[in-house]
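Remarks on the overall topology
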Amino acid sequence: MPLNEIVEGDCVEIMAGFPAESVDLVFADPPFNIGVHYENSDDSREHDEYVAWSETWIEAAVRLLKKNGSLYVAIGDEYAAEIRMIAREKNLFLRNWIIWHYTFGQHQRRKFSRSHTHIFYWVVNEREFTFNTDDIRVPSDRQLVYADKRAHPKGKVPDDVWAFSRVCGTFKERVGKHPCQMPESLLERIILASSNQGDVVLDPFCGTGTTAAVAQKLGRNYIGIDVSPNYCELARKRVHEVAARGDR
Ligand SMILES: C[S@@+](CC[C@H](N)C(=O)[O-])C[C@H]1O[C@@H](n2cnc3c(N)ncnc32)[C@H](O)[C@@H]1O
């Protein structure tokens, strides 16, 4: 296993070379098949072809998950239903169908502007999985608004609608010119909740390396895969900078 590396290539082929049950957490943010321009991959396939391909990479990722592992997949409205059905066929247990509500969505003139992405959270084993409740608590209304003595002093477990801003072109967090970089705050919640220090976190579509950078910061081992040599270079530079800053 190429631990703490960004691997260039097709994720289905690369994952096939890894040992089964070797990964604690997979986070996947695949191309949504909505015509985004990535450097060297197709984001406008025929419907059936995209669904068949999704099944292939999900199967490859599930094979790598340990028995207490977790899988998170980000997906748009267009294919959320299909992805949910694929995971059901793979016998994964749905823990949450999270809605990531973001600001800075694309403005529309003749329909409501979209401001959300679906994030599915599945586990392999219904009873045994990592969920670090105390590491992801957020301030509650009971604490902040009502000064209710019954409030948990460390806050509440977040709801399943998450509000994080998208990473816009002008943001300091932005890395290179990738068209859809995920916010680190979102990955931080997922990695803190569903992995422990020293665990292995895999992102088969790592793009700018957000998952790898956050995993590195939080003391997890990462593996990132992307088919684009340039995005891989961006991701490598990013995680090395995190390491050099001494975040970890
Ligand atoms: C939605 S982006 C991921 C962005 C990433 N979450 C980030 O924060 O930067 C999808 C990525 O999948 C990559 N990709 C497309 N097809 C692939 C394949 N077959 N194997 C590996 N990566 C692929 C693209 O190059 C693109 O960077």
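Described below are features of the structure shown in this document.

About the thresholds
Residues numbered from 1 in each chain as written. Predicted model: local features only at pLDDT ≥ 70, side-chain atom pairs only at ≥ 80, totals over all residues. Near = placed C-beta within 6 Å. Nonpolar A, V, L, I, M, F, W, Y, C, P; charged D, E, K, R; others polar. Helix = DSSP H or I, 4+ residues; strand = E, 2+ residues; numbered from the N terminus. Buried ≥ 20, exposed ≤ 12 C-beta atoms within 10 Å, placed from the backbone. Contact = placed C-beta atoms within 7 Å. Axes fitted to C-alpha atoms, helices over the stretch in contact; angles between N-to-C directions. Parallel < 35°, antiparallel > 145°, perpendicular 65-115°, else oblique. Left-handed = near helix turned anticlockwise from the far one by under 90°. Core = buried A, V, L, I, M, F, W, Y, C linked by C-beta atoms within 7 Å. Right-handed = clockwise from strand over helix to strand, strands pointing away. Pairing = 2+ DSSP bridges.

This part is about the site of the ligand. Contacts to the ligand come from 21 residues, most closely from Ser41, Phe205, Gly207, Thr208 and Thr210. In terms of residue class, the shell around the ligand is built from 11 nonpolar, 7 polar and 3 charged.

This part covers the environment of tyrosine 38. Mapping tyrosine 38 onto the fold places it in the loop between strand 2 (23-28) and helix 2 (47-64). Assessed through the 18 C-beta atoms surrounding it within 10 Å, tyrosine 38 is described here as partly exposed. Look past the residues within four positions of tyrosine 38 in its chain and what remains in contact with it is Pro31, Asp43, Pro179 and Ser228.

Helix packing geometry: the angle between the two helix axes and the distance between the axes. As a packed pair, helix 5 (residues 184-194) and helix 6 (residues 210-217) sit with axes 9 Å apart at the nearest point and diverge in direction by 55 degrees. Classified by the angle between their axes, helix 5 and helix 6 sit oblique to one another. Helix 6 is crossed by helix 5, and the crossing has right-handed handedness. Along its contact with helix 5, which presents Glu184, Leu187, Glu188 and Ile191, the element helix 6 presents Thr210, Thr211, Ala213, Val214 and Ala215.

With that out of the way, let us pick up the nonpolar core. Of all hydrophobic cores here, the largest spans 55 residues; its most connected members are Val26 and Leu71. The dominant element in this core, judged by the number of residues it contributes, is strand 3 (residues 65-75), at 6 residues. Apart from the residues lying within four places of it in its own chain, the contact partners of leucine 71 are Val26, Ala61, Val62, Leu65, Leu92 and Trp122.

Backbone geometry at glutamate 21 places phi at a positive 55 degrees, although glycine is not the residue there. Positionally, glutamate 21 belongs in the loop between helix 1 (11-16) and strand 2. Given 13 C-beta atoms within 10 Å, glutamate 21 falls into the partly exposed group.

Moving on, we get to the pairing of strand 2. The side chains of a regular strand alternate, first on one face of the sheet and then on the other. By the criterion of burial, strand 2 is predominantly enclosed, with 6 of the 6 residues buried. Assessed by its sense of winding, the connection that carries the chain from strand 2 through helix 2 to strand 3 is right-handed. With 2 bridges connecting them, strand 2 and strand 7 (residues 200-203) associate as parallel partners. Residue valine 26 lies in a different strand from strand 7, and its bridge partner there is leucine 202.

Remember, this is a structural readout, not a statement about activity or role.
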